Amino acid sequence: ASYRFRARPFDLVSTPSACEHCASGCDMRTDVRRGKTLRRLAGDDPSVNEEWNCDKGRWAFKYVTAVDRLTHPLIRNSAGELVQASWPEALAAAAAGLKGKRAAVLTGGRVTTEDAYGYSKFARIALGTNDIDYRARVTSDEERDFLAAHVAGSSTTYRDIDSADHVALIAFEPEEESPIVFLRLNKNFKKRGLKVTAVATKGSIAMDKLKAEFIKVAPGAEAAAVAGLALTAKSVILVGERASESAGLFSAVAALAAKTGAKIAYIPRRAGERGALEAGALGNLLPGGRPVSDAAARVDIAAAWGVDSLPTTPGRSTSEIISALAAGDLDAVVVGGVDAHDLPHGREAIAALKKGFVVSLEIAPSSVTAVADVVLPVAAITEKSGSFLNWEGRARAFDSAVADSHNRSDVRILSMLADAL
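These lines cover the structure that appears in this document, whether it is placed above or below. Everything numeric in this text was worked out from a predicted model, so none of it was measured.

### What about the overall build of the chain?
Item 1. The helix and strand inventory of the chain stands at 15 helices and 19 strands.
Item 2. Taking 421 residues into account, the globule formula puts the C-alpha radius of gyration at 22 Å, and the chain, at 22 Å, falls close to it.
Item 3. Taken along its principal axes, the extent of the C-alpha atoms in the chain is 70 × 65 × 40 Å.
Item 4. Each of the 421 residues in the chain was classed as buried or not, and the buried ones make up 56%.
Item 5. Contacts in the chain between residues at least 24 apart in sequence constitute 67% of all its contacts with a sequence separation of at least 6.
Item 6. Accessible surface for the chain amounts to roughly 18200 Å². Of this, 53% is attributable to carbon and sulfur atoms.
Item 7. Mean positive and mean negative side-chain charge positions of the chain (52 and 51 charges, respectively) differ by 5 Å.

### A few points about the sheet that holds strand β1 (residues 12–18)
Item 1. If you walk across this open sheet you meet the three strands as β1-β2-β3, and the pairing is antiparallel. Only two strands of the sheet have a single partner each, and these edge strands are β1 and β3 (36–42). On average, each strand axis in the sheet is inclined to that of its neighbour by 25°, with strand direction left out of account.
Item 2. When β1 meets strand β2 (residues 27–33), the two strands line up antiparallel, connected through seven bridges. Along β2, the bridge assignment pairs A18 with D27.

### Quick notes on the packing of aromatic side chains
By convention here, two paired aromatic rings are described through the distance between centres and the angle between planes.
Item 1. This model, assessed by the stated rule, comprises five aromatic pairs.
Item 2. Each ring, one from F250 and one from Y266, has its centre 6.2 Å from the other, and the planes form 50°; the classification is tilted. Taken as a pair, F250 in helix α10 (residues 249–260) and Y266 in strand β12 (residues 263–267) lie far apart in primary sequence, 16 residues in all. The burial state of F250 is the same as that of Y266; both residues are buried.
Item 3. Over the aromatic face of W59 sits the side chain of R58, whose NZ or CZ is 4.0 Å from the ring centroid.

### Some thoughts on the nonpolar core
Item 1. Of all hydrophobic cores here, the largest spans 64 residues; its most connected members are L98 and I170.
Item 2. Residue contacts for I170: discarding those within four places in its chain leaves V199, V226, L229, I237, L238, V239, G240, L249 and V253.
Item 3. Counting 28 residues, the second largest nonpolar core, distinct from the first, contains A164, V167, V236 and W391.

### Looking at unusual backbone geometry
For residues other than glycine, phi is negative in most cases, and the peptide bonds are mostly trans.
Item 1. The phi dihedral of E51 falls on the positive side, at around 65°, and the residue is not glycine.
Item 2. With respect to the element layout, E51 can be found in the loop between β3 and α1 (55–59).
Item 3. Even without a glycine there, the phi angle at K211 is positive, about 50°.
Item 4. Here K211 is to be found in the loop between α8 (205–209) and β10 (213–216).
Item 5. Judged by its relative accessible area of 62%, K211 falls in the exposed class.

### Notes on the side chain of E143
Item 1. Along the polypeptide, E143 turns up in helix α4 (residues 141–151).
Item 2. Those residues in contact with E143 that lie beyond four places of it in its chain are R135, R137, E241, S244, F250 and Y266.

### Side note on the pattern of salt bridges
Item 1. Scanning all chains against the criterion turns up 26 salt bridges.
Item 2. Its salt-bridge partner being D31, residue R29 comes within 2.7 Å of it at the nearest N-O pair.
Item 3. The salt bridge partner of R184 is D162, with a shortest N-O separation of 3.0 Å. Remark: D162 occurs in helix α5 (residues 158–163) and R184 occurs in helix α7 (residues 179–192); sequence separation between them is 22 residues.
Item 4. Overlapping salt bridges bring together D133, R135, R137, E143, E241, R269 and E273 as one network.

### Some remarks on helix α14 (residues 346–353)
Item 1. Along α14, the residues that are buried comprise G346, A349, I350, A352 and L353. Down the axis of α14, the buried set is contained in an arc of 160°. They therefore lie on one face. Of the residues in α14, the exposed ones pointing more than 90 degrees away from the buried face are R347 and E348.
Item 2. Considering only its buried residues, α14 is in contact with α13 (318–327), β15 (332–336) and β16 (357–362).

### Digging into α4
Item 1. Taken residue by residue, α4 has E143, R144, F146, L147 and V151 as its buried positions. All buried residues of α4 lie within an arc of 160° about the axis, which places them on one face of the element.
Item 2. Here the buried face of α4 lies against β11 (236–240), α10, β12 and α11 (273–278).
Item 3. Backbone geometry just after α4 places G153 at a positive phi near 80°.

### Some points on the sheet that holds strand β7 (residues 132–133)
Note: strands within a sheet are paired through backbone hydrogen bonds, in either parallel or antiparallel orientation.
Item 1. The seven strands are arranged β5-β4-β17-β16-β15-β6-β7 in an open sheet whose pairing can be described as mixed. A single partner strand is all that each edge strand has here, and the edge strands are β5 (82–84) and β7.
Item 2. Note that β15 and β16 share five bridges and pair parallel. When the sheet's bridge partners are listed, V334 is paired in β16 with V359.
Item 3. Across the sheet, α13 is in contact with β6 (103–107), β7 and β15; its angle to β6 comes to roughly 135°.

Rules of the game
- What you see as residue numbers is a count from 1 along each chain, following the sequence as written.
- The predicted nature of this model means local features are confined to residues of pLDDT at least 70 and side-chain atom pairs, given and counted, to a pLDDT of 80 or more, with totals for whole chains, interfaces and linings taken over all residues.
- Side-chain measures here rest on the full set of heavy atoms in the structure, leaving out hydrogens and waters.
- Numbered from the N terminus, helices here are DSSP runs of H or I no shorter than four residues, and strands are runs of E no shorter than two.
- We compute the radius of gyration from the C-alpha atoms alone; for a globule the expected value is 2.2 Å times N to the 0.38, where N is the number of residues.
- Buried residues are those whose accessible area, probed at 1.4 Å on protein chains only, stays under 20% of the maximum for their type, while exposed residues exceed 50% and partly exposed ones sit between those limits.
- Contacts: residue pairs with any heavy atoms within 4.5 Å of one another.
- Per-residue and other accessible areas follow the Shrake-Rupley method at a 1.4 Å probe size, with only the shown protein chains counted as cover for residues.
- Neither His nor the chain termini are counted; the positive set is Lys and Arg, and the negative set is Asp and Glu.
- Lys charges are placed at NZ, Arg charges at CZ, Asp charges at CG and Glu charges at CD.
- In short, DSSP must find at least two bridges between two strands for them to pair.
- For helices, the axis comes from a line fit to the C-alpha atoms of the stretch in contact; other axes are also lines fit to C-alpha atoms, and the angle between any two N-to-C directions lies between 0 and 180 degrees.
- In summary, the pairing rule links any two rings of Phe, Tyr or Trp, Trp by its six-membered ring, whose centres are within 6.5 Å, and it sorts them by plane angle into stacked for under 30 degrees, edge-to-face for over 60 and tilted for everything else.
- Geometrically, a charge over a ring is one whose NZ (Lys) or CZ (Arg) sits within 6 Å of the ring centre while staying within 35 degrees of the ring normal.
- Side-chain atoms within 4.5 Å are what join buried Ala, Val, Leu, Ile, Met, Phe, Trp, Tyr and Cys residues into a set we call a nonpolar core.
- Any carboxyl oxygen of Asp or Glu within 4 Å of a side-chain nitrogen of Lys or Arg constitutes a salt bridge here.
- In this description, one arc is meant: the one made by directions from the helix axis to the C-beta atoms.

What follows is the structure, encoded as structure tokens:
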């Protein structure tokens, strides 16, 4: 009986993959048997995760086979209920609700680079708008300008941390937000005494482990503290997305880098944010990180896409899109991978979504699918091929681990919807 249920070796298929949970960019391996993910293990990439990965990357894959996965398109009927529909019916309903309407796109930072590019292209060509934003969180115009000027196309790397004489942590808690970055900092602290300074409103365990100089400030006072940091051209500034919650902080980081020559590394929390930025899933940027306001960039992209022209007005941010829906200045929105819990004012966002026509691309029921007019199920990470860009801008490509999946990627569904339009 000891061998009765023993798995045959050829039943297990191992596929190179990338972690979808944070922006560290770990090399991973996914093991699948009979279409079911059994485990995920760290790959060996000396330039990034050095054969390590965090607990979330190792264990958080059960959502792929959760019992509540969306498996069929849904359409809201005349009685206000979501009912199962065929793909042609759902695409026709979505196209009818979007065609000729003032529409926008909200796609969170969880999508692959290819899918983000699809949303970017869909907004500009199919909807004729620059109203697109991947930042499903607290944001600011200051952050958007900072991303365009100092992050898109930048190339600070893990190697820069290895050679830095001083690392400043600004609105960034590495152990929680990017564990592999923390491991790299910790290695350099233990081996060569790397100096670490943290500007924050409260301490953390990571600061204690790194023996960091803790500059404690009141919320909103971070910018003044950053301006006083003593860095050099060999220093690295690691700034997180929470800097958008403190007015003037991104500007202070940029000014400090300009004054000292220190390198800037922007480290968001979600795996798809850097790729979405480079793919133009932001209202002020086109693919390649080129400004919407640049006429030459618009001409180049329009030629590449085979269209006569692109919209010229910089688009709305996430909060502005929600406000426009609430005020009736927008009629519809395409939402991909965003939940109300991601947004700073979730209840208000759901109330605003109810006022417009909503097309939701999701893998499982959410607060957005609950109010959507059309729900289109999409493939999870293990069910498609693609890539993420990590915080360095390094491409982390992966293949489909589940070979016989019938689920479609976001970009394929957007292509079908564009054809229907």
